[in-house]
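A structural walkthrough
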Amino acid sequence: MRIVLFGPPGAGKGTQAGLLSEKFNAAHISTGDILREAVAKGTEVGLKAKGYMDRGELVPDHVVIEIAKQKLAEVGKSGFILDGFPRTVPQAEALDKALEELNLPIDAVVSLDVPEEELVRRLSSRRVCAGCSKPAMVGAISTDTESICSACGGELVQRADDKPEAVRNRLRVYQEQTAPVMNYYRDRGLLVQVDATGTVEDVRDRVVDVLSK
Ligand code: AMP
């Protein structure tokens, strides 16, 4: 299974990619997670990326393309769920070229569709684990024990780029630079659109349903 999960920030790409990667036994490749890890470790890539990420801007194509290519070559034939890549048309072109060289064509590009006001609500209430970076929704937290990560026990924190100003910027960047990638894949007959409102399980069922078709 080789899938691109596409959608605006807050659409639930990370959550759904995690579920799909377990279900289909495919690698979950999130360029956002790889970049955050690089920032936390203070690597050369991390130092380059940090400012862009904190402002809610895209990291330059050549940096992200290199990261994605390395990961795809590591994963090889075992299948992948790409989460947050490609985010520009040049990235989509570079991905096509890399996958052609590896002889690993994409099966489908799943677009997770959520209205903008719902995205703003989700992003401003999102918390992630400081330890394992898995997402958790603040709305679901009612007791002290639920303010820690259910997967690893780490502390739940707000991402720097989920603060209101960065959120507005990320949504604008999505409209200007990332939304055109949908047409790129629509033209190639790979795009499937899924209503990504409702519960995590509802969305997962809809995604699995379209993929089985
Ligand atoms: P995400 O976790 O996917 O929302 O990504 C967090 C941030 O990492 C984004 O706002 C960008 O600054 C950066 N980033 C992640 N993936 C990409 C990409 N494909 N192209 C450019 N920047 C990216």
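All of the points below concern the structure found in this document. For clarity, every value in this text was computed on a predicted model and none was experimentally measured.

A short note on the nonpolar core
- Leu95 and Tyr185 are the most contacted members of the largest nonpolar core, which has 30 residues in total.
- The element that contributes the greatest number of residues to this core is helix H4 (residues 61-75), accounting for seven residues.
- In contact with Tyr185, not counting residues within four places along its chain, are Pro86, Ala92, Leu95, Ile106, Val109, Leu190 and Leu191.
- In this structure, Ala17, Ile81, Val114 and Ala196 belong to the second largest nonpolar core, which totals 21 residues.

Quick look at the site of the ligand
- Taken together, 16 residues sit near the ligand, with Thr31, Arg36, Glu57, Gly84 and Gln91 positioned nearest.
- Contact with the protein chains covers 96% of the free accessible surface of the ligand, which is 470 Å².
- If one sorts the elements of the shell around the ligand by residue count, helix H2 (residues 31-41) sits on top with four residues.
- A class-by-class count of the residues in the shell around the ligand yields six nonpolar, four polar and six charged.

Considerations on the sheet that holds strand E3 (residues 80-83)
- If you walk across this open sheet you meet the five strands as E2-E3-E1-E4-E8, and the pairing is parallel. At either end of the open sheet lies a strand with only one pairing partner, and these are strand E2 (27-30) and strand E8 (191-195). Pairs of neighbouring strands in the sheet enclose a mean axial angle of 20°, with direction left out of account.
- As judged from the four bridges shared by strand E1 (residues 2-6) and E3, these two strands associate in the parallel manner. Along E3, the bridge assignment pairs Arg2 with Phe80.
- Set on the sheet, helix H1 (residues 13-24) makes contact with E1, E2, E3 and strand E4 (108-113); between it and E3 the angle comes to about 175°.
- Each of E1, E4 and E8 is contacted by helix H8 (residues 180-187), which is oriented at about 125° to E8, the strand it contacts most.

Some points on unusual backbone geometry
- Note the cis peptide between Phe85 and Pro86, where omega equals 0°.
- Following the sequence through the fold, Pro86 ends up in the loop between E3 and helix H5 (89-102).
- Not every positive phi belongs to a glycine, and Asn25 is a case in point at roughly 55°.
- Relative to the helices and strands, Asn25 is located in the loop between H1 and E2.
- By relative accessible area, which is 66% here, Asn25 ends up exposed.
- The phi dihedral of Asn103 falls on the positive side, at around 60°, and the residue is not glycine.
- By secondary structure assignment, the location of Asn103 is in the loop between H5 and E4.

Calculation notes
Residues numbered from 1 in each chain as written. Predicted model: local features only at pLDDT ≥ 70, side-chain atom pairs only at ≥ 80, totals over all residues. Heavy atoms only, no water. Core = buried A, V, L, I, M, F, W, Y, C linked by side-chain atoms within 4.5 Å. Buried < 20%, exposed > 50% of the residue type's maximum accessible area, 1.4 Å probe, protein only. Helix = DSSP H or I, 4+ residues; strand = E, 2+ residues; numbered from the N terminus. Contact = heavy atoms within 4.5 Å. Near = heavy atom within 4 Å. Areas by Shrake-Rupley, 256 points an atom, 1.4 Å probe, with all protein chains shown as cover. Nonpolar A, V, L, I, M, F, W, Y, C, P; charged D, E, K, R; others polar. Pairing = 2+ DSSP bridges. Axes fitted to C-alpha atoms, helices over the stretch in contact; angles between N-to-C directions.

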